[in-house]
Amino acid sequence: MSHTAVATPTRSTTSGTGVNFTRILKSEWIKLVTVPSTVIMLSITVIVMIGLAALFAWQTTVLLDLQGDPEMAAQMQGAPDATSITNTIPGSGLIFGQLLIASLGVVLIASEWGTGMIRSTMVAVPKRIPALLAKQAVFAVVAFVVGAGSALVSYLIAQPILSPSELEFGLGDEGVLMHIINTGSVLALMAIIAMSIGTLLRNTAGGVVTAIGLLLILPILVATLLAGIADWIPDAARFLPSSAGEQMIAITIADGALNQWQGALVLGGWALVLLVVSLVVTKRRDV
């Protein structure tokens, strides 16, 4: 006598308690905020960005005083006018903030590969792409909040410093609010780039060196050593991630430079290409 097994829906299927993208996001958020070193690194990023902005605000007031002295002004030919750079103070800590976020992004993902913890993630979430996208999304949102929040606090702190020199400015001034928002947008895109690099290399030290080299060392090499080799090299340098990020937060656009939207497209293109490549490679390689 034969018996036919009848498949019955499991509890996870009928009650909707199985794995879905929302729950993956929640688990990645818990993993991110419960690691003390990650919270410390994010806090340091905020402190560094706000501290540099406050220092830049004070430097701007000093520059204004020096430019008010005819003798000193004659010696400072070529220096930017103090009144023309005040609106960029909130995001002035971005250059170091993006390095810290990039380093943290690489460490977060590459350390999982290095320690083998990624296997636990892939067991819980057999489909690899949703797991990686959740990691990217959570850290990108955190990076945006860190960047935009730091820029907003920097704006508030800068006003009392600038006020005695009558250099204060408002959020409603042209380009200021977008400058603050884009500071967060740049960090979010840099976070995606860094995590993609960490996913591709699966090595913490190599990933950090690669990310810093791309964001900091390569632009310096292009500007100092490679610019004289060919005329097209300085033009191509505009499309490096760090250059595009600078244009995203720029308020005044120089002749021949990318505008904010073009900078966003370039930096977004870097992030998208590296993200797609990292997803494809991860899907095809063994964990």
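Residues numbered from 1 in each chain as written. Predicted model: local features only at pLDDT ≥ 70, side-chain atom pairs only at ≥ 80, totals over all residues. Heavy atoms only, no water.

**Observations concerning the nonpolar core**
With 50 residues, the main nonpolar core has Leu42, Ile101, Phe139, Val186, Leu187, Ile193 and Leu267 as its most contacted residues. No other element matches the eleven residues that helix α9 (residues 176–201) contributes to this core. The residues contacting Leu42, other than those within four sequence positions of it, are Ile101, Leu104, Phe139, Val142 and Val146. Ala57, Ile89, Tyr155 and Ala158 belong to the second largest nonpolar core, which has eleven residues in total. (Core = buried A, V, L, I, M, F, W, Y, C linked by side-chain atoms within 4.5 Å. Buried < 20%, exposed > 50% of the residue type's maximum accessible area, 1.4 Å probe, protein only. Helix = DSSP H or I, 4+ residues; strand = E, 2+ residues; numbered from the N terminus. Contact = heavy atoms within 4.5 Å.)

**Focus: the confidence of the model for the protein chain**
For the protein chain, the average pLDDT comes to 87, and 89% of its residues sit at 70 or higher. For the protein chain, per-element mean pLDDT is lowest for helix α1 (residues 11–15), which scores 43, and highest for α9, which scores 96. Considering only residues more than four positions removed or in separate chains, one finds that residues 1–15, a stretch of pLDDT under 50, has five contacts. (pLDDT = per-residue confidence, 0-100.)

**As for the environment of Thr83**
Along the chain, the position of Thr83 falls in helix α5 (residues 82–85). Residue Thr83 is classed as partly exposed on the basis of its relative accessible area of 46%. C-alpha of Thr83 to C-alpha of Leu63: the two residues are 20 residues apart in sequence and 9.5 Å apart in space.

**Comments concerning the environment of Glu112**
Inspection of the secondary structure assignment puts Glu112 in helix α6 (residues 94–115). Since its relative accessible area comes to 12%, Glu112 is described here as buried. Separated by 90 residues in sequence, Glu112 and Arg202 place their C-alpha atoms 8.3 Å apart. If we skip the residues at most four places from it in the chain, Glu112 touches Lys31, Met117, Ile118, Thr121 and Lys135. A polar atom in the side chain of Glu112 sits 2.6 Å from the side chain of Lys135. (Polar contact = N/O pair within 3.5 Å; in protein donor to acceptor, adjacent residues only side chain to side chain.)

**Some thoughts on the packing of aromatic side chains**
With the rule as written, the count across this model stands at one aromatic pair. Ring centres of Tyr155 and Phe169 lie 5.4 Å apart, and the angle between their planes is 65°; this geometry places the pair in the edge-to-face category. Here Tyr155, found in helix α8 (residues 128–162), pairs with Phe169, found in the loop between α8 and α9; they are 14 residues apart in sequence, far enough to count as distant. Across this residue pair, the class does not change: Tyr155 and Phe169 are buried. Seen from the ring of Trp113, Arg202 lies directly overhead, with NZ or CZ sitting 3.9 Å from the centre. (Phe/Tyr/Trp six-rings, centres within 6.5 Å; stacked < 30°, edge-to-face > 60°. Lys NZ or Arg CZ within 6 Å of the ring centre and 35° of its normal.)

**Describing the pattern of salt bridges**
Proximity of charged atoms lets side chains of opposite charge pair with each other. Counting across every chain of the model gives four salt bridges. Across the pair Lys135 and Glu112 runs a salt bridge, and its minimum N-O distance is 2.6 Å. With Lys135 in helix α8 and Glu112 in helix α6, this residue pair connects regions lying 23 residues apart in the sequence. Its relative accessible area of 5% is what places Lys135 among the buried residues. (Salt bridge = Lys/Arg side-chain N within 4 Å of Asp/Glu carboxyl O.)

**A short note on α9**
Along its 26 residues, α9 runs 38 Å from first to last C-alpha, staying within 8% of the 38 Å computed at 1.5 Å per residue. Of all the 26 residues making up α9, 21 are buried; the element is thus mostly covered by neighbouring parts of the structure. (Expected span 1.5 Å × (residues − 1).)

**With respect to the packing of helix α3 (residues 36–67) against α6**
For the pair α3 and α6, the least separation of the axes is 8 Å and the interaxial angle reads 170°. Classified by the interaxial angle, the pair formed by α3 and α6 is roughly antiparallel. Residues Thr38, Met41, Leu42, Ile44, Thr45, Val48, Met49 and Leu52 of α3 form the contact with α6, whose own contacting residues are Leu94, Phe96, Gly97, Leu100, Ile101, Leu104 and Leu108. Split by residue class, the contact of α3 with α6 holds twelve nonpolar, three polar and no charged. (Axes fitted to C-alpha atoms, helices over the stretch in contact; angles between N-to-C directions. Parallel < 35°, antiparallel > 145°, perpendicular 65-115°, else oblique. Nonpolar A, V, L, I, M, F, W, Y, C, P; charged D, E, K, R; others polar.)

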